[in-house]
Each structure stands twice: as C-alpha cells, then as structure tokens.
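# Observations on the three-dimensional arrangement
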Amino acid sequence: MAHFEDATNEYSTVHSSKESEVLERLRRATWLGTSKPQMLSDPIQGRFLSMISVLVNPKKILEFGTFTGYSTICLAEGLQQGGSIDTLEINDE
C-alpha cells in the first residue's frame, strides 16, 4: 500500500494520470545518479505542469532550473507544433 502524506496528496495521486515510462525511467536514473535527487519534481507536479502547458499551448517556453529535465519533458507535452523550450541550469551535474 502506498504511503500518502495527507488526504489532498492521496486524492491527487489517485485521480491524476500516471507518469509516462520515459518519466519513470528518468525519475529512477535521477534518484540513482545525482547527489540531490529530492530536487526532482514529483509525478503530481509533473502532471500539473503538463496540464498547464496543454491548456496554454505555448509556442515558446523558458525554463529556469532544468535539473535532469523531468519538468522540461512535462512542459514539452503542450508545446505547439514546431515550438521550442530554452532551459537554463547553473549546476553542471
């Protein structure tokens, strides 16, 4: 049985879309291969970013703080055909 911090988190988890296989693999690689994996967006945050991007349907996105690219992939789900994402990350890791 999954552990939920509170009722809101449980509700959000149960009623949100599952993260894709690509995002699952990236999450695992981040937790296994970085020094601060807790900086990674969680699946609920990722689905929220994706939903906002799909609703806005942007042509361009500027992202500050890319880390391992999890949120970047989520944001890309709503990009217009031919759109682009520019990302900035200060940490070389």
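Data block above holds the structure.
## Here we look at unusual backbone geometry
- The residue Asn 57 is not glycine, and still its phi comes out positive at about 55°.
- Checked against the element boundaries, Asn 57 lands in the loop between helix H3 (43-56) and strand S1 (60-64).
- Note on Asn 57: relative accessible area 34%, which makes it partly exposed.
- Its identity is not glycine, yet Phe 67 carries a phi of approximately 55°, on the positive side.
- By relative accessible area, Phe 67 is classed as partly exposed at 22%.

## Here's the deal with the nonpolar core
- Counting five residues, the largest nonpolar core is built from Leu 23, Leu 26, Leu 40, Tyr 70 and Cys 74.
- When residues of this core are traced back to their parent elements, those giving at least two are helix H2 (21-33) and helix H4 (70-76).
- Not counting residues up to four positions away in its chain, the partners in contact with Leu 23 are Arg 47, Tyr 70, Ile 73, Cys 74 and Glu 77.

## Looking at the pairing of strand S2 (residues 84-88)
- As paired strands, S1 and S2 are joined by five bridges and run parallel to one another. Opposite Glu 63, over in S2, you have Thr 87 as the bridge partner.
- One crossover worth recording links S1 to the parallel S2 by way of H4, and it is right-handed.

The rules behind each value
Residues numbered from 1 in each chain as written. Predicted model: local features only at pLDDT ≥ 70, side-chain atom pairs only at ≥ 80, totals over all residues. Heavy atoms only, no water. Helix = DSSP H or I, 4+ residues; strand = E, 2+ residues; numbered from the N terminus. Buried < 20%, exposed > 50% of the residue type's maximum accessible area, 1.4 Å probe, protein only. Core = buried A, V, L, I, M, F, W, Y, C linked by side-chain atoms within 4.5 Å. Contact = heavy atoms within 4.5 Å. Pairing = 2+ DSSP bridges. Right-handed = clockwise from strand over helix to strand, strands pointing away.

Just geometry here; none of it tells us what the structure is for.
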